[in-house]
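The residues making up each chain are set out below.
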Amino acid sequence: MSQGHATAGEEEYLQAMYWLEEAALPITGANIARAMQLSAPTVHEMIKRLIADGYAERRKDKSLSFTASGRNHAQAIVRRHRLIERFLTDVLGIAWDEVHEEAERLEHAMSPVLEERMLAAIGDATTCPHGHPFVGAREPGSLLADCGLGTEVTVLRFENEAEELLHYLRAAGLHPGLTGKVVTNGPVDLVIESPDGRHELSLSVAETVSVRADPAPPPRAALPEQLELSRDRYGR
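Described below are features of the structure shown in this document. If you're wondering where the values come from, they're calculated on a predicted model, not measured in any experiment. (Residues numbered from 1 in each chain as written. Predicted model: local features only at pLDDT ≥ 70, side-chain atom pairs only at ≥ 80, totals over all residues. Heavy atoms only, no water.)

Attention shifts here to the overall build of the protein chain. The secondary structure content of the protein chain amounts to eight helices and eight strands. The C-alpha radius of gyration computed for the protein chain amounts to 18 Å, which stays within 12% of the reference 18 Å derived for 236 residues, consistent with globular compactness. Overall, the protein chain is about 55 × 45 × 30 Å in size when its C-alpha atoms are taken along their principal axes. Looking at the protein chain, you have 24 positive and 36 negative side-chain charges, and the mean spots of the two groups are 5 Å apart. (Helix = DSSP H or I, 4+ residues; strand = E, 2+ residues; numbered from the N terminus. Rg over C-alpha atoms; globule rule 2.2 N^0.38 Å. Lys, Arg positive; Asp, Glu negative; His and termini not counted. Charge placed at Lys NZ, Arg CZ, Asp CG, Glu CD.)

Below, the discussion takes up unusual backbone geometry. The amide bond that connects Gly186 to the next residue, Pro187, takes the cis arrangement and shows omega of 0 degrees. Relative to the helices and strands, Pro187 is located in the loop between strand 5 (179-185) and strand 6 (189-194). Omega for the bond connecting Asp214 with Pro215 falls within 30 degrees of zero, at 0 degrees, which places this linkage in the cis form. With respect to the helices and strands, the residue Pro215 is situated in the segment after strand 8 (209-214). Of note in this structure, Lys62 is not a glycine but carries a positive phi near 80 degrees. For Lys62, the location among the structural elements is in the loop between strand 1 (56-58) and strand 2 (64-66).

The subject of this paragraph is the pattern of salt bridges. Taken as a whole and judged by the stated rule, the model has 13 salt bridges. Close ionic contact of Lys181 with Glu152 constitutes a salt bridge, the shortest N to O distance being 3.8 Å. With Lys181 in strand 5 and Glu152 in strand 4 (residues 152-158), this residue pair connects regions lying 29 residues apart in the sequence. Residue Lys181 is classed as partly exposed on the basis of its relative accessible area, which comes to 35%. (Salt bridge = Lys/Arg side-chain N within 4 Å of Asp/Glu carboxyl O. Buried < 20%, exposed > 50% of the residue type's maximum accessible area, 1.4 Å probe, protein only.)

Pasting the structure below:
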């Protein structure tokens, strides 16, 4: 039986499930555990709660899916999280690589009134500062690591919002909306030349950056094998 409102702990798990779905990764206990850096038994217990409370259900292949109530709760908490991030950057002037953890602390206590005030304050923004839309489908993109030499790219979003990686990406000069050309790709690093200069990053980090690419490489699911690319929790 679904509760009227998910607990803060349940919301954390619903967020992780929503991110996995966005990234076209299976919603499994193992992937949730990797994404949240929690033990398998801890995740197993919470999954049982989510199912009992009517937020998730098991498929025949043992993966998880949202119920209608679970999806509504997940979308609401993800929207609040991304809205807070945009407010912190655009209105309070906090650097975009420092807002993810702040939003984690604020998202569960935000009232509908404050949410509406924040929306008014950020104007016509529709994405978080890392490129993820508040609501609705994301623009399909390619992984930067797959782009060949000479490919013209526009950065769409950072798939991993773990704070350590965001610091790395900001130090490299990347940001959503950046346009440039791939001038080096492999075997260990990738370089983009843009009007802002040269931007060098490791191929493992390039796996976490989605871009609009011309020409576009063959599509594949983001991060099919690796979820742990930093020492802190995987982001949404």
